Amino acid sequence: VEFQDAFDHVLVLRRSDGTPVTDAELRLGPDRDETLSSPFERTERFVDPGPRAMQSTPGEIVLHGVPAGRYHALVRSTDSGVMQATFEVAKDAPPTEILFPAPRRLIVRVVDETDHPVEHALVAVMMRTKAAVALTRGRTDEAGVCRLDPIALVPDEDATVRAEHPGFTPAQAITGSG
């Protein structure tokens, strides 16, 4: 039997304006330089913390008894978007701060090749990272407009906006977050 050191580690989840993120779901796995589509060893929901995770103060998550090593976290918040972080769990390791950008509104208009609005098209926004995780999605109205609010786009990174409708070929565009 081989024993491995295990430590408590604190994740601090905040928006860029300093307010804590309290509605987060975390997927935690070893950092193996792989894409995030690989299976994660452990998933903790912070609305209903598991035995290894505890929300001690708003926006601070304490992971209890985590084996020493490098980890990759994918954190999804209903109103703050999706962020990723890689961190080290070790004795006396400092807390890991995961900073979410301030949410903002994105308005998408979907039209056909004759510039007529497409009603009920599914619109999804994804960050252009290792994992194509939808930050948010919605449907267009009769004017072909979909209002996605709030959406947190990572500063200086592009996002992919994708629109799908059964009667049309899927379309996508790249939008800057700045």
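Here, the structure is the one placed above.
The present account deals with the structure reproduced in this document. (Residues numbered from 1 in each chain as written. Predicted model: local features only at pLDDT ≥ 70, side-chain atom pairs only at ≥ 80, totals over all residues. Heavy atoms only, no water.)

If you look at the biggest cluster of nonpolar residues, it comprises 19 residues, and the most contacted ones within it are Leu13, Leu63, Val75 and Phe87. Put simply, the parts of the chain that give this core at least two residues each are β1 (6-15), β2 (24-30), β5 (60-67), β6 (69-77), β7 (81-89) and β8 (96-100). Apart from residues no more than four positions distant in its own chain, Leu13 is found in contact with Pro20, Val21, Ala24, Gly59, Ile61, Val75, Ile98 and Phe100. Of all hydrophobic cores here, the second largest spans 16 residues; its members include Val108, Val123, Val161 and Ala163. (Core = buried A, V, L, I, M, F, W, Y, C linked by side-chain atoms within 4.5 Å. Buried < 20%, exposed > 50% of the residue type's maximum accessible area, 1.4 Å probe, protein only. Helix = DSSP H or I, 4+ residues; strand = E, 2+ residues; numbered from the N terminus. Contact = heavy atoms within 4.5 Å.)

So, on to the environment of Asp141. Tracing the backbone shows Asp141 in the loop between β11 (134-139) and β12 (145-151). Relative accessible area serves as the criterion here: at 25%, Asp141 is assigned to the partly exposed category. Separated by 21 residues in the primary sequence, Asp141 and His120 have C-alpha atoms spaced 6.1 Å apart. With near-sequence residues (within four places) excluded, Asp141 lies in contact with Val118, Glu119, His120 and Arg147.

Phi is positive for Asp92, close to 60 degrees, though the residue is something other than glycine. Looking at Asp92, the relative accessible area reads 71%, which means it is exposed. Not every positive phi belongs to a glycine, and His120 is a case in point at roughly 65 degrees. As for its position among the elements, His120 is in the loop between β9 (104-109) and β10 (122-127).

Here the focus is the pattern of salt bridges. Taken as a whole and judged by the stated rule, the model has four salt bridges. As a salt-bridge pair, Glu88 and Arg70 come within 3.8 Å of each other at their nearest N and O atoms. Of this pair, Glu88 sits in strand β7 while Arg70 sits in strand β6, and the two are 18 residues apart along the sequence. On the basis of relative accessible area, Glu88 is assigned to the partly exposed category, the value being 38%. Overall, the relative accessible area of 43% leaves Arg70 in the partly exposed class. Of the charged contacts in the structure, one is a salt bridge between Glu164 and Arg162, with a shortest N-O distance of 2.8 Å. Since its relative accessible area comes to 35%, Glu164 is described here as partly exposed. (Salt bridge = Lys/Arg side-chain N within 4 Å of Asp/Glu carboxyl O.)

With that settled, the discussion passes to the environment of Leu26. Within the fold, Leu26 resides in strand β2. Of the residues examined, Leu26 reaches a relative accessible area of 0% and is grouped as buried. Remark: the alpha-carbon pair of Leu26 and Arg76, spanning 50 residues in sequence, is separated by 6.5 Å.

Take the packing of aromatic side chains next. This structure, assessed with the given rule, holds one aromatic pair. Relative to Phe87, the ring of Tyr71 lies with its centre 6.2 Å away and its plane at 25 degrees, an arrangement referred to as stacked. Here Phe87 lies in strand β7 and Tyr71 lies in strand β6, a separation of 16 residues in the sequence. Judged by relative accessible area, which is 3%, Phe87 ranks as buried. (Phe/Tyr/Trp six-rings, centres within 6.5 Å; stacked < 30°, edge-to-face > 60°.)

Turning our eyes to something else, we now look at the environment of Ile61. Examined against the element boundaries, Ile61 turns out to sit in strand β5. Look at Ile61 and you get buried, because its relative accessible area is 1%. In this structure, the C-alpha to C-alpha distance between Ile61 and Leu11, residues 50 residues apart in sequence, is 5.1 Å.

Moving on, we get to the side chain of His72. Following the sequence through the fold, His72 ends up in strand β6. Here Gln84 takes part through its side chain, which lies 3.1 Å from a polar atom of the side chain of His72. Side-chain polar atoms of His72 contact the side chain of Thr86, separated by 2.9 Å. (Polar contact = N/O pair within 3.5 Å; in protein donor to acceptor, adjacent residues only side chain to side chain.)

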